[in-house]
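Given next are the chains, with one letter for each unit.
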Amino acid sequence: RSDFRFSFELDPVRSSPDVLFQRCAAGELVPRELPAPAYQRRSGPNESQPALRLYTLAQGDLLRFWDGIDFLVGHDRIRWQSTGDPPPHSVELKLLGPVLALYLERRSILALHASAVEVDGVAVGFLSGSGGGKSTLAASLARSGNRLLADDLLALRMGPEGWVALSGPPRLKLEPSVLRHLGEDPSLHPLVEPWREKRWLESKRRGKGGDGQAPISLRRLYLPDRRSGDGRGDGIEVSPLRPADAVRKILSLGAAGRMAEAVGLRTSRIERVARLAESVPMRRLVYPEGLRHLDRVRDELLGDLHSGTG
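All values derive from a computational prediction rather than experimental measurement.

Turning next to the overall build of the protein chain. Each helix and strand in the protein chain was counted, giving seven helices and 17 strands. For 310 residues, the compact-globule formula gives about 19 Å, and the C-alpha radius of gyration of the protein chain, at 19 Å, lands near that figure. Along the three orthogonal principal directions, the C-alpha set of the protein chain runs to about 60 × 45 × 45 Å. Evaluated residue by residue, the protein chain yields a buried proportion of 48% over its 310 residues. Within the protein chain, contacts between residues separated by at least 24 positions form 66% of all contacts whose residues are at least 6 apart in sequence.

Pasting the structure below:
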């Protein structure tokens, strides 16, 4: 629940909210003296200072960003403050990225650096680092009539019948070249951030599950690996990934795991990731770089998904 004006339409809520998101006056959230940061991340527009600092405080986890926006993550509320009047997109991007990831991990919900779509009533995820192709693959499947579930932040939890994926905002971050390949004019889509080329693509289609909020059973996780000029031609390889290798890969990707470790959740997160790897089939997807191959890669994925093999 929030009075914040998001850039996309929120689904109607049928029950009481899990978390309240609200703005506080500048100086209200943060004590005068802070402990040493538990975690720092330097990626951002200004490499001379950390883009994000994480502090563990008695009242919650404080995430302080390079542009003066602070978020305090508590049990049932996330509060934020800023010394100025930041653009709404900047607040939204941080909230629905690292801030929400830490909130979910605190509640034993896995927050993976992944994208996902619903295909024939089940969830299919793509897990990779930045630039690994997860959003492009999700966009290709979404344009083929499948519902987008999440982009960049995929929330997974164990349900009564296995792992399920939770729906995120109905939009993707895509490079202009990908948008053009999908038949879109990049200039008609808003920039994700002023200093980056990526733009938002809205995806509002509902899947066979019907309810935009209902968790979707997770069928597969693919780990894309784009190859460039390695002499192996244009072949596409889909191969099973051993659970131990999958665990190592998942733990190496994204800031959510590093933040969870910083606040004392390392052991419990490793246990959840191990249970996920043991119960959900994971595939290594090796394919040639280049958008001209995208349709073939999509067809290969759908063929593997429908093959019935574990």
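From this point, the narrative continues.
In a beta sheet, neighbouring strands are held together by backbone hydrogen bonds and run either parallel or antiparallel to one another. Taken together, six strands build an open sheet; the order of strands is 1-6-5-4-3-2 and the sheet is mixed. Two strands in the sheet have a free side with no partner beyond their single neighbour: strand 1 (20-23) and strand 2 (39-41). Sheet twist, expressed as the average angle between the axes of neighbouring strands with direction ignored, equals 15 degrees. Where strand 1 and strand 6 (residues 77-82) come together, four bridges link them in parallel fashion. Directly across from Leu20, in strand 6, lies its bridge partner Arg77. With respect to the sheet, helix 1 (residues 88-106) is in contact with strand 1, strand 3 (52-57), strand 4 (60-65), strand 5 (69-73) and strand 6, its orientation differing from that of strand 5 by roughly 25 degrees.

The next thing to look at is the pattern of salt bridges. Evaluation of the coordinates by the stated rule reveals 20 salt bridges. Asp85 is the salt-bridge partner of Arg23, the closest N and O atoms lying 3.6 Å from each other. Here Arg23 is found in strand 1, whereas its partner Asp85 is found in the loop between strand 6 and helix 1, with 62 residues between them in sequence. Arg23 sits in the partly exposed class, given a relative accessible area of 40%. The exposure class assigned to Asp85 is exposed, which follows from its relative accessible area of 69%.

Applying the stated criterion across every chain yields a total of seven aromatic pairs. Measuring from ring centre to ring centre gives 5.7 Å for Phe4 and Phe21, while their planes differ by 70 degrees; the resulting arrangement is edge-to-face. A residue pair is termed long-range when its members are at least 10 positions apart, and Phe4 in the segment before strand 1 and Phe21 in strand 1 qualify at 17 residues. Taking relative accessible area as the criterion, Phe4 reaches 16% and is therefore assigned buried. With a relative accessible area of 7%, Phe21 lands in the buried category. Geometrically, the ring pair formed by Phe126 and Tyr222 is stacked, given 5.9 Å between the ring centres and 25 degrees between the ring planes. Remark: Tyr222 occurs in strand 15 (residues 216-227) and Phe126 occurs in strand 9 (residues 122-127); sequence separation between them is 96 residues. Note on Phe126: relative accessible area 0%, which makes it buried. Here a set of aromatic residues connected by ring pairs shows up, and it is made of Phe4, Phe6, Phe21, Phe65, Phe71 and Trp80. Note that Lys94 overlies the ring of Phe65, its terminal NZ or CZ placed 5.5 Å from the centroid.

The next thing to look at is helix 2 (residues 134-143). In terms of burial, helix 2 is a largely internal element, nine of the 10 residues being buried. The set of residues buried in helix 2 consists of Lys134, Ser135, Thr136, Leu137, Ala138, Ala139, Ser140, Leu141 and Ala142.

Attention now moves to the packing of helix 4 (residues 243-252) against helix 6 (residues 266-279). It is the contact of helix 4 with helix 6, at a shortest axis distance of 9 Å, that shows an interaxial angle of 135 degrees. Taken together, the axes of helix 4 and helix 6 are oblique relative to one another. The two elements helix 4 and helix 6 meet at a crossing, and its hand is right-handed. Along the contact surface, helix 4 presents Pro243, Ala246, Val247, Ile250 and Leu251, while helix 6 presents Arg269, Ile270, Val273, Ala274, Leu276, Ala277 and Glu278. Across the contact of helix 4 with helix 6, the residue classes break down as 10 nonpolar, no polar and two charged.

A positive phi is found at Asp120, a non-glycine position, where the angle reads about 55 degrees. In this structure, Asp120 sits in the loop between strand 8 (114-119) and strand 9. A relative accessible area of 44% means that Asp120 is categorised as partly exposed. Its identity is not glycine, yet Asp152 carries a phi of approximately 75 degrees, on the positive side. When you line up the elements, Asp152 lands in the loop between strand 10 (147-150) and strand 11 (154-159).

Another point: the nonpolar core. Phe21, Leu63, Phe71, Ile78 and Val99 are the most contacted members of the largest nonpolar core, which has 32 residues in total. Of all elements in the fold, only strand 3, strand 4, strand 5, strand 6, helix 1 and helix 5 (255-262) reach the threshold of two or more residues within this core. Element by element, the count of residues in this core is highest for helix 1, at seven residues. Discounting residues that sit within four places of it in the chain, Leu63 has contacts with Leu52, Arg53, Leu54, Ile69, Asp70, Phe71, Val73, Pro98, Val99, Leu102 and Met259. If you look at the next biggest cluster of nonpolar residues, it comprises 25 residues, including Ala116, Leu221, Leu223 and Ile250.

What counts and how
- Sequence positions are assigned chain by chain, starting from 1 and proceeding in written order.
- pLDDT decides what is reported in this predicted model: residues at 70 or higher carry local features, side-chain atom pairs at 80 or more are listed and counted, and totals for whole chains, interfaces and linings draw on all residues regardless.
- Note: side-chain values were computed over all heavy atoms of the structure, leaving out hydrogens and water.
- Secondary structure elements are defined from DSSP: runs of H or I of at least 4 residues count as helices, runs of E of at least 2 residues count as strands, and each element is numbered from the N terminus.
- For the radius of gyration, the atom set is restricted to C-alpha positions; the globular benchmark scales as 2.2 Å times the number of residues to the power 0.38.
- Each residue is assigned to one of three classes by its accessible area relative to the maximum for its type, calculated with a 1.4 Å probe on protein chains only: buried under 20%, partly exposed between the two thresholds, exposed over 50%.
- Here a residue-residue contact requires only that any non-hydrogen atoms of the pair lie within 4.5 Å.
- Note on pairing: two strands pair once DSSP finds at least 2 bridges between them.
- Working convention: axes come from line fits to C-alpha atoms, limited for helices to the stretch in contact. Angles between N-to-C directions cover 0 to 180 degrees.
- Salt bridges are defined by distance alone: a side-chain nitrogen of Lys or Arg within 4 Å of a carboxyl oxygen of Asp or Glu.
- Any two rings among Phe, Tyr and Trp, with Trp reduced to its six-membered ring, count as a pair given centres within 6.5 Å; such a pair is stacked if its planes are under 30 degrees apart, edge-to-face if over 60, and tilted if neither.
- To sit over a ring, a charge needs its Lys NZ or Arg CZ within 6 Å of the ring centre and within 35 degrees of the ring normal.
- Reported orientations rely on four angle classes, namely roughly parallel under 35 degrees, roughly antiparallel over 145, roughly perpendicular from 65 to 115, and oblique for the rest.
- The handedness criterion is simple: a crossing whose near helix is rotated anticlockwise from the far helix by less than a right angle is left-handed, and one whose near helix is rotated clockwise is right-handed.
- Charged means Asp, Glu, Lys or Arg here, nonpolar means Ala, Val, Leu, Ile, Met, Phe, Trp, Tyr, Cys or Pro, and polar covers whatever is left, Gly included.
- Take the buried residues of types Ala, Val, Leu, Ile, Met, Phe, Trp, Tyr and Cys, join any two whose side-chain atoms come within 4.5 Å, and each joined set is a nonpolar core.

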